[in-house]
Amino acid sequence: MKTNKWAKFLTNNTVVPILVVILIIAAVLDSRFMTPGNLLNVFNQNSIKGIMAIGMTFVIINGYFDMSLCTLVSLTAGLSCGLQDQIGLAGAILVALLVGLLVGVINGFLIAYAGINAFVVTLSLMLGCRGLTYIYSDEQSIVSPSMAFAEFGSGKILGLTYTSWLFIIGLFIAWFVLKYTAHGRNTYAAGGNASAAENAGIKVKRTIFINFVICGVLSGLGGVLYAAQNGASTPALGWPDMHMLVIAGVVLGGTKLSGGVGTIWYSLAGVMVLGIIANIMSLKRVQSWVSTMLTGLIMIGVLYIDKILTEKRQKEGLKN
């Protein structure tokens, strides 16, 4: 009976065995991988993508995705560095977060209330943010004049960066919202069947709008944190594939692109799987494009396996 329970758990949560296998392979390939310092490094290096993956998890459970993330990151990173001389560090960070909020509001309004296709809207915002980034930065890197900003980006508690602690706090908040609040329940319901949710009295449009706002704010925060870690921003930050890596991490974690299914903890696992692949490639001095290729292959394999397991669960459900 216990074996059946474990088999059912692994069937329903494919990211768990994938994470275990990736960890074993990484440990075998390089003895340095399993050292405490390197494991902390993997978590620290992927915490910002993890923060953005939290927002993307809300959107994908809702049945959508956000392409604007990659250039919104570069725009807010540039603003958080470039505005410090004019309005101070706190003011620059606030403006950057408000820009993230504004992009989320625009995405949410056009998709939820105007009924425009999410791919078209978020792709348009992606290109718009990229253009604004290059205009604002004059195609140059912007260095932060604040030592406090850089110190926050590099500061650590118990081996984890301040950014990693923000990520951990965000995970628990997101878990609570998705599991115990009306908005979380509405997100799953709207993503699973929008028409049925609407008929049940759920305000589907408002739910979609809020989730895009969450994603926009967390993407803006990601830009600020990248700028803090590097002490500077570049107009090419996040371009061209950061949004795809974030989406890939969330999907690897089992969140369905069709909506209605997903958990924040498995999004964490998915992001870490990609982080481990990048880390072992770095330790072995393998070119970055190989890591990108492996990520794509793993994504295809996971989605194929998940499709087979989903069909199996559906058949078993019909039999029962």
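Values in this document were obtained by computation on a predicted structure and should not be read as measured data.

1. Details of the overall build of the chain
Secondary structure assignment for the chain yields 14 helices and four strands. Against the compact-globule benchmark of 20 Å for 320 residues, the chain has a radius of gyration of 20 Å, which places it among compact chains. For the chain, the C-alpha atoms occupy an extent of roughly 65 × 55 × 35 Å along the three principal directions. Counting every atom, the chain has about 15,700 Å² of accessible surface; 68% of that belongs to carbon and sulfur. Of note, the chain has its 20 positive side-chain charges centred 16 Å away from the centre of its 11 negative side-chain charges.

2. Structural notes on the layout of surface pockets
Its volume calculated, the largest pocket comes out at about 460 Å³. Around the largest pocket, the lining is made up of 17 residues, and of these K49, L245, L274, A278 and S291 lie nearest the centre. Breaking the lining of the largest pocket down by element, the ones donating at least two residues are α3 (36-61), α13 (264-283) and α14 (288-319). Per-element tally for the lining of the largest pocket: the top contributor is α13, with six residues. Among the residues making up the lining of the largest pocket, the classes are represented as five nonpolar, 10 polar and two charged.

3. Focus on the nonpolar core
M52, I54, F167 and M242 are the most contacted members of the largest nonpolar core, which has 77 residues in total. Of the residues forming this core, the biggest block, 12 residues, is contributed by α3. Those residues in contact with F167 that lie beyond four places of it in its chain are F43, S47, G50, I51, I54, L268 and M272.

4. Details of the packing of aromatic side chains
One pair of aromatic rings is described through two measures. These are the centre distance and the angle between the planes. By the definition in use, this model includes eight aromatic pairs. Seen from their ring centres, F172 and W265 are 5.1 Å apart, and the 75° between their planes marks the pair as edge-to-face. Highlighted residues: F172 in helix α8 (residues 162-180) and W265 in helix α13, separated in sequence by 93 residues. Among the residues examined, W265 registers a relative accessible area of 30% and is labelled partly exposed. Members of the aromatic cluster, joined through ring pairs, are F109, Y113 and F209. Above the face of the Y180 ring, K179 is positioned so that its terminal group lies 5.8 Å from the ring centre.

5. So, the packing of α3 against α8
Relative to each other, α3 and α8 sit at 20°, their axes nearing to 8 Å. Taken as axis vectors, α3 and α8 run roughly parallel relative to one another. Remark: the crossing between α3 and α8 carries left-handed chirality. When α3 is examined against α8, the residues F43, N44, S47, I48, G50, I51, I54, F58 and I61 are found in contact with a partner set consisting of T163, S164, L166, F167, I168, G170, L171, A174, V177 and L178. Looking at the contact of α3 with α8 residue by residue, the classes come out as 13 nonpolar, six polar and no charged.

6. Re the side chain of N186
Its place among the elements puts N186 in helix α9 (residues 182-192). Not counting chain neighbours up to four residues away, the residues in contact with N186 comprise I202 and T207.

Conventions and cut-offs
Residues numbered from 1 in each chain as written. Predicted model: local features only at pLDDT ≥ 70, side-chain atom pairs only at ≥ 80, totals over all residues. Heavy atoms only, no water. Helix = DSSP H or I, 4+ residues; strand = E, 2+ residues; numbered from the N terminus. Rg over C-alpha atoms; globule rule 2.2 N^0.38 Å. Areas by Shrake-Rupley, 256 points an atom, 1.4 Å probe, with all protein chains shown as cover. Lys, Arg positive; Asp, Glu negative; His and termini not counted. Charge placed at Lys NZ, Arg CZ, Asp CG, Glu CD. 1 Å grid on protein atoms, 1.4 Å probe; cavity = no way out; pocket = protein on both sides within 12 Å on 5 of 7 lines; lining within 4 Å. Points joined across faces, edges and corners; volume = space filled by probe spheres on them. Nonpolar A, V, L, I, M, F, W, Y, C, P; charged D, E, K, R; others polar. Core = buried A, V, L, I, M, F, W, Y, C linked by side-chain atoms within 4.5 Å. Buried < 20%, exposed > 50% of the residue type's maximum accessible area, 1.4 Å probe, protein only. Contact = heavy atoms within 4.5 Å. Phe/Tyr/Trp six-rings, centres within 6.5 Å; stacked < 30°, edge-to-face > 60°. Lys NZ or Arg CZ within 6 Å of the ring centre and 35° of its normal. Axes fitted to C-alpha atoms, helices over the stretch in contact; angles between N-to-C directions. Parallel < 35°, antiparallel > 145°, perpendicular 65-115°, else oblique. Left-handed = near helix turned anticlockwise from the far one by under 90°.

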